[in-house]
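Each chain, letter by letter, is given below.
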Amino acid sequence: MNLWNDPIGLIAGWLNGLLATWGLPAWLASLVVQLIGVVVLVSVMMVVDILLVWVERKVVARFQDRLGPNRLGPFGLIQPFADIIKLLIKENITPIGADLVVYNLAPIMSLMAVLLLWAIVPLAPTIFGVDLNVGALYIIAAGAIGTLSIIMAGWASNNKYALIGAFRQVAVLVSFEVPMIATLLIPTILASSMGMNAIIQGQRVWYVLLAPMAAIIFIVAAIAELGRAPFDLNEAESEIVAGFHIEYTGMKFGLFYAGELLHAFTFGGFWAILFFGGYRFFGLEQLGPLVAAAILMAKALFGYWVIMWVRYTVMRVRIDHMLAFNWKFLTPLAFALLMLTAIVHTLLRGSPEFVYVAGMLLMNAVVAAIVAEILRGFGRRLRARADQPGRAAAPGN
Amino acid sequence: MEIGQLVFAATGLVVLGSAVVVVTTRNLVHAALWLVVTLFGVAALYAILDAGFLAIVQVVIYIGAIAILFIFAVMLTRKELRDQGAQLNRGWWLGALVAVLTFAGLALMVRGWSGFSTLPKAIPAGFDAVGALGNALVAPDAFVLPFEVASVLLLAALIGAVYIAFTRK
Amino acid sequence: MIPLSWFLLLSAALFSIGLFGVLSRRNAVAILLGVELMLNAVNINLVSFWRYGTVTTMSGQVFAIIVFAVAAAEVAVGLALVLSVYRQRNTVIAEEIDMMKW
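Cut-offs applied
Residues numbered from 1 in each chain as written. Chains lettered and ligands numbered in written order. Predicted model: local features only at pLDDT ≥ 70, side-chain atom pairs only at ≥ 80, totals over all residues. Helix = DSSP H or I, 4+ residues; strand = E, 2+ residues; numbered from the N terminus. Rg over C-alpha atoms; globule rule 2.2 N^0.38 Å. Buried ≥ 20, exposed ≤ 12 C-beta atoms within 10 Å, placed from the backbone. Contact = placed C-beta atoms within 7 Å. Nonpolar A, V, L, I, M, F, W, Y, C, P; charged D, E, K, R; others polar. pLDDT = per-residue confidence, 0-100. Expected span 1.5 Å × (residues − 1). Axes fitted to C-alpha atoms, helices over the stretch in contact; angles between N-to-C directions. Parallel < 35°, antiparallel > 145°, perpendicular 65-115°, else oblique. Domains from an automatic or database assignment. Core = buried A, V, L, I, M, F, W, Y, C linked by C-beta atoms within 7 Å.

Draft legend 1. Focus on the overall build of chain B. The secondary structure content of chain B amounts to six helices and zero strands. Starting at the N terminus and ending at the C terminus, chain B contains elements arranged as α-α-α-α-α-α. In summary, chain B has a C-alpha radius of gyration of 21 Å against a globular reference of 15 Å for 169 residues, an excess of more than 25%. By principal-axis analysis of the C-alpha atoms, chain B measures approximately 55 × 45 × 30 Å. Here chain B holds 169 residues, and the buried ones make up 31% of them. The long-range share in chain B, meaning contacts at least 24 apart out of those at least 6 apart in sequence, stands at 48%.

The structure is reproduced here in structure tokens:
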């Protein structure tokens, strides 16, 4: 075990030995080493978060055919630091009648929910926080904490618009968790385990080739979970100003904002782990854990770019359309895909790899064709109803 | 006191303390939020008991769905933004008496049999609790029938709740 | 090591606290909060008996999962009822909901 092959193990062992020679009992030494590991992981993630602010602003600028921040530092790299300094020196205004403990706890819990997710992300075969064997369910659990923080923020602000924004956001979040759970179960079936490491190790063929529709449904549900466009009724400036974080100023708003960006990057990372092979890249990850971590970060950035692409291209969806889309389209489709994937996986499990991949792709193509036909029929009926003379197109169906 | 017992004592204190706050606080939204703390404590207890899957399912279902449902219900059933009036009814001392008697009776029963002081046996190495649980839930000679009945119950509850709370415009 | 009786006493205490909440609170939603505490106490009991018994028999955990499902169903229907009563009678105080029809 040298520094290149197993850096975490080497450093942890050295620290443990150092603390033991200082006289600490074994359990206390290992606890301290683990706490140091947690602090290092959180710090690295927050630094990544700062860079994500820069990435977001540059990418949105390019999508909008402009340059983005280019004054501060080379390519505007110092811009996020200036943003953070600005947020830190802003005045902290607390609304009258706000419930102080809940009001201050909400942004902390929102960021905490995102950082908790990084505990199960395997950056390399030997670099991970903890290898939970129920990792896929843990993603939903951390999302539950985020949902709670949104309600806390909306209620504690003592503001009707914040409350309404929080209600709508939580309704969307809780609704879109259902297709997300169903699509999280598909890599679980294909890899026979819910653990993230096991799912990555099981991807001889990337799961995006075995279950492309599940990958699409997962990213759509993830975008809804993140509260980003086209599901961003929270930041619907023309409707409810700024949703549940109206009353938050300065660094508290910064925590919400940073948490949202890091959440998007985290779900880009999970999309990469679950469907694009994680840190695996045609054997390149055998070179060393740092190479594997770089591969995972590159794939996560690709996923984040796709999420940003959708955000700056598609218009916002109305909330009743959003919920109808979830309950009447995504959820039945996700469950149908789950059942069909399980059936095809069981039938073709023993056959040679080419037959297996072709069978799965064929099943996905058939489901996509059927869904396209249903949507075409639906669209045809809508258009026929709209074309009837003297009758306006009904918006709510 | 070894480390395991300390952790259990701390978790138990959190669970019982927040439960007491849940049933005595006047502010109902705070009561719902303290219920979240209690549920987190119970999830930690499941983790202490080596039931990791149940711990995470507890967080997902209880905190992610039921606690949020409670907070919504509290916010939608109030006339003013503040809670007013007493929150304990007139016979609350009788309720407290019944609770104390119940606890005393249960504690006496627990003390009564020496078999309750057993220490846990070690879990066999390589035992896949999640797999065994999944197997037990769908195996025909295990618990597939209660599993199916539970899903029918959830379907009935879903339809019932939607129908009861539905408002016709 | 933690003897089984500690877990049983903890769940008995949680059950009694929930029982006090159910019997003594005026607000209907607060009564349902007490019921949730009781259901959690029962779950702790079931899981500790699973752990301290035969670990390979999963009946304790299966029971706990069924209790999860029952608790979720009961909370959903209970809160829907409370909301419906609030819409009709404009109150959720249990003492004031005492007439069938007037």
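Still more to cover.
Draft legend 2. The arrangement of the overall build of chain C in detail. A count of helices and strands for chain C gives three helices and zero strands. Listing the helices and strands of chain C from first to last along the sequence gives α-α-α. Taken over the C-alpha trace, chain C has a radius of gyration of 17 Å; the compact-globule value for 102 residues is 13 Å, which it surpasses by more than 25%. When its C-alpha atoms are laid out on the principal axes, chain C stretches across 60 × 25 × 15 Å. Within chain C, the proportion of its 102 residues that are buried is 55%.

Draft legend 3. Local environment of the interface of chain A and chain B. The interface of chain A with chain B comprises 15 residues on the first partner and 18 residues on the second. Counting only elements with at least two residues in the side of chain A that touches chain B, the list comes to α5 (135-156) and α6 (160-191) of chain A. The biggest single contributor to the side of chain A that touches chain B is α5 of chain A, with nine residues. A breakdown of the residues in the side of chain A that touches chain B according to their chemical character gives 13 nonpolar, two polar and no charged.

Draft legend 4. How the structure looks around the confidence of the model for chain C. Summarising the model, chain C shows a mean pLDDT of 90, and 99% of its residues fall at 70 or more. The ipTM assigned to the predicted complex is 0.91, against a pTM of 0.90.

Draft legend 5. Spatial organisation of helix α13 (residues 319-348) of chain A. Residue and element names in this part refer to chain A. For α13, spanning 30 residues, the distance from its first C-alpha to its last is 41 Å, which sits close to the expected 44 Å at 1.5 Å a residue. Met322, Asn326, Leu330, Leu333, Ala334, Leu337, Leu338 and Thr341 are the residues of α13 that are buried. Residues of α13 that are buried sit in contact with α6, α9 (212-226) and α14 (353-387).

Draft legend 6. Seen up close, the arrangement of the chains. By contact count, the leading pair among the two pairs of chains in contact is chains B and C. What separates chain A from chain C at the closest point of their C-alpha atoms is a distance of 14 Å, and the two make no contact.

Draft legend 7. Looking closely at the environment of leucine 173 of chain A. All names here are of chain A. Secondary-structure assignment places leucine 173 in helix α6. Given 24 C-beta atoms within 10 Å, leucine 173 falls into the buried group. Each C-alpha atom, one on leucine 173 and one on glycine 143, is 8.6 Å from the other, the two residues being 30 residues apart in sequence.

Draft legend 8. Structural detail: the interface of chain C and chain B. Listed as interface residues are 59 residues of chain C and, on the opposing side, 69 residues of chain B. Every element with two or more residues in the side of chain C that touches chain B is listed here: α1 (4-24), α2 (28-52) and α3 (59-89) of chain C. Along the lines of polarity and charge, the residues of the side of chain C that touches chain B split into 43 nonpolar, eleven polar and five charged.

Draft legend 9. Up close: the confidence of the model for chain B. In this model, chain B carries a mean pLDDT of 88, and residues with pLDDT of at least 70 account for 95%. Taking the mean pLDDT of every element in chain B, the minimum, 88, falls on helix α5 (residues 129-138) of chain B and the maximum, 94, on helix α2 (residues 28-48) of chain B.

Draft legend 10. The arrangement of the packing of helix α3 (residues 52-76) of chain B against α2 of chain C in detail. Two elements in contact, α3 of chain B and α2 of chain C, have axes whose closest approach is 11 Å; the angle formed by their N-to-C orientations is 170°. The angle between the axes of α3 of chain B and α2 of chain C places the two elements in the roughly antiparallel class. Contacts between α3 of chain B and α2 of chain C involve Leu54, Ile66, Phe70, Ala73 and Val74 of chain B from the first element and Val29, Leu33, Glu36 and Val47 of chain C from the second. Tallied by class, residues from the contact of α3 of chain B with α2 of chain C come to eight nonpolar, no polar and one charged.

Draft legend 11. Summary view of the domain arrangement of chain B. In terms of domain boundaries, chain B breaks down into domain 1 (1-105) and domain 2 (126-169). A C-alpha centroid distance of 24 Å is found between domain 1 of chain B and domain 2 of chain B.

Draft legend 12. Structural detail: the nonpolar core. By size, the foremost hydrophobic cluster in this structure holds 181 residues, and its most contacted members are Ala32 and Ala67 of chain B together with Val29 of chain C. A per-element tally of this core places α3 of chain B first, with 17 residues. Counting residues domain by domain, this core receives three or more from each of domain 1 (1-105) and domain 2 (126-169) of chain B. Discounting chain neighbours no more than four positions away, the residues touching alanine 32 of chain B are Ala67, Phe70, Ile71 and Val74 of chain B together with Leu33 of chain C.

Draft legend 13. The packing of α3 of chain B against α3 of chain C, seen in detail. Running from amino to carboxyl end, α3 of chain B crosses α3 of chain C at an angle of 10°, the nearest separation of the two axes being 10 Å. Relative to α3 of chain C, the element α3 of chain B is oriented roughly parallel. Along its contact with α3 of chain B, which presents Leu54, Val57, Ile61, Ala65, Ile66, Leu69, Ala73 and Leu76 of chain B, the element α3 of chain C presents Gln61, Ala64, Phe68, Ala71, Ala72, Val75, Ala76, Leu79, Val82 and Leu83 of chain C.

Draft legend 14. Geometry of α14 of chain A. Residue and element names in this part refer to chain A. In a regular helix each residue adds 1.5 Å, so 35 residues correspond to 51 Å; α14 covers 50 Å between its end C-alpha atoms and thus fits that length. The buried count for α14 comes to three of 35 residues, which makes it a mostly uncovered element. Listing the buried residues of α14 in full gives Met360, Met363 and Asn364. For α14, the secondary structure elements touched by its buried residues are α8 (207-210), α9 and α13.

Draft legend 15. Seen up close, the environment of alanine 44 of chain B. All names here are of chain B. Along the chain, alanine 44 falls in helix α2. Classification of alanine 44 as partly exposed rests on a count of 19 C-beta atoms within 10 Å. Residues alanine 44 and valine 59, 15 residues apart in the sequence, show an inter-C-alpha distance of 9.8 Å.

Draft legend 16. Broad picture of unusual backbone geometry. Residues and elements named next belong to chain A. In this structure, aspartate 65 takes a positive phi of about 65° despite not being glycine. Of note, aspartate 65 is situated in the loop between α2 (26-63) and α3 (79-88). The phi dihedral of asparagine 158 is positive, around 60°, even though this residue is not glycine. Here asparagine 158 shows up in the loop between α5 and α6.

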